[in-house]
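Summary of structural features
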Amino acid sequence: MQSLFIEGSSLMHRLSARAKLLILAALGVLLFVTTNIAVLATAVLLTAAVYFTLGLPFKAAFARLKPILLTIVVVALFSLAFNPWHQAVVALLRLTALMLFAAGVTATTTITAFIDEVTALARPLERTGLVRADDIGLAVGLVVRFVPEILSRYQAIREAHAARGLKVRPTTILVPLLILTLRDADNIAAAIDARGIRRHVI
Amino acid sequence: MSTRDLVLCALFAAIIVALGILPPITLGFIPVPITAQSLGVMMAGVVLGARRGTVAVLIVLVLVAIGLPVLSGGRGGLAAFAAPTSGFLMGWVLAAFTTGYLSERLVNADQNATMQAIGFFLAAMIGGIVVLYACGISYLALVGGLGFSKAFFGSMAFIPGDVIKAFVAALVGRAVMAGYPLLPARR
C-alpha cells in the first residue's frame, strides 16, 4: 500500500508531527468559532498556499482532494437551496480550509512519525488496561501485510467460482473469504508469541 | 486482549480495507453493487462481537488518520475527517459496537438458522443503520450547516442500499457462525 506521504523539505516537512497535529486541532476549533466570511476566506487562501507548495504537482495535489471537495460542494449546494446563503458559504469555507490543512499534514508526515504520535497518545490509556500502546504499531503492520493477501485470496475464490460455472454473489464469496482469512489468526498469533513480540503477554 | 484477539481484529480491519479496493459484487436480484465498506463494519460486529468488532474498526480509522489510502476510492489521510459526511466515518465505531453487542445478545448457537439470521439482521439494521445514521446525520446537520431535517432527508437516499447490506451481513454472519464460530458465547 502506497502511503500519502510526499518527500520534500518545505516548512511543513520540517515541523514535528506533534506540532502539526496541535496546529490542526487548534485550527479546527478556531474555524468553528468564527462565522466571519472574510476571516474564513483568508484561512482557505492560507491553507491552500501551504498545501499547494508542498512539492506535489498541482494536478496530483488536486486529484487527492477531489472526492472530499466534491462532498463539501454537494452539501454546500444542498444547504444553499434551503438555508440562507451565508450559512452555506461559511460551511463551505470552513471545511475547505480544514481539509486543505489536514491534507497538508498527511502529505508531510511519514507513517512512522504518525505511529509514534498515536503510540504516545495511547500511553496514558495503558493505565486503564484498555489498550497496549505498542499493539497499535503491530496491528497497523498486520493490516498492511494482509491486505494484498486478502485481495489474492478473493481472486482465487472468484476463479474457483468461474471454474465451476457459478455466479459470483456476496454471500458465496464473502463467507469463504472471511473464514479463510480469520482461520489464519491462530497461526499468526502463535508466531507472534513465539517471537516474544508482545512481551507483556505471558 | 490476547494475541489471537488482536490478530483477529487486525485481519478484520484488513478485510474492511480490502472491501474498499475489490471490484463491486452485484447482487443477483437487484442492480445495486455491494462495495461499500459499511458492509464490512456490519460484518465486523456480526462476526467478531462488540469488543473485537469495535477494535477492528478503530484500527481502520487509525490507518485513515496516519495517511494510508484505505477508504474506498483511495481516500485517506486526515482530510477524510474534514468532510461534511465524516460523521458517517466516525460513527462506524459505535455502529460496530452496537451491531456486535446486539449480535451477542440476540443470537446463540442453539437457535435454528432462520432465527440466527433474523437476529443478525436486526443487529446489523440497528447498529449499521439506526446508530450509524444518527451519528452521520447529527454531524452533517451541525458541521455541514444543514440543519437536522434537511440532513435527514438528504441521507434517506442511501437507506435502501444499506438495508441490502444488513441483509447480506446477516446471511454472512449466519454462515460464518455455522462454519467457523467466533462470536463470544453469551454469559
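Reading guide: rules and limits
Residues numbered from 1 in each chain as written. Chains lettered and ligands numbered in written order. Predicted model: local features only at pLDDT ≥ 70, side-chain atom pairs only at ≥ 80, totals over all residues. Heavy atoms only, no water. Core = buried A, V, L, I, M, F, W, Y, C linked by side-chain atoms within 4.5 Å. Buried < 20%, exposed > 50% of the residue type's maximum accessible area, 1.4 Å probe, protein only. Domains from an automatic or database assignment. Contact = heavy atoms within 4.5 Å. Phe/Tyr/Trp six-rings, centres within 6.5 Å; stacked < 30°, edge-to-face > 60°. Helix = DSSP H or I, 4+ residues; strand = E, 2+ residues; numbered from the N terminus.

1. Things to note about the nonpolar core
Formed by 123 residues in total, the largest nonpolar core has its most connected members in V143 of chain A together with F12, M43, V47, L63 and W92 of chain B. There are two domains that each give this core at least three residues, and those are domain 1 (11–109) and domain 2 (129–195) of chain A. In this view, M43 of chain B contacts L174 and L178 of chain A together with F12, L19, L48, A169 and V172 of chain B; residues no more than four positions away in its chain are not counted.

2. Remarks on the packing of aromatic side chains
One pass over the structure, following the stated rule, counts 8 aromatic pairs over all chains. Measuring from ring centre to ring centre gives 5.4 Å for F88 of chain B and Y133 of chain B, while their planes differ by 80°; the resulting arrangement is edge-to-face. Of the two residues, F88 of chain B is situated in helix α4 (residues 86–106) and Y133 of chain B in helix α5 (residues 113–143); the sequence distance between them amounts to 45 residues. One exposure class covers both F88 of chain B and Y133 of chain B, and it is buried. Of the aromatic side chains, those joined through ring pairs into one cluster are Y51, F52, F58 and F62 of chain A.

3. Details of the domain arrangement of chain A
Considered domain by domain, chain A is made up of domain 1 (11–109) and domain 2 (129–195). A straight line from the C-alpha centre of domain 1 of chain A to that of domain 2 of chain A covers 36 Å.

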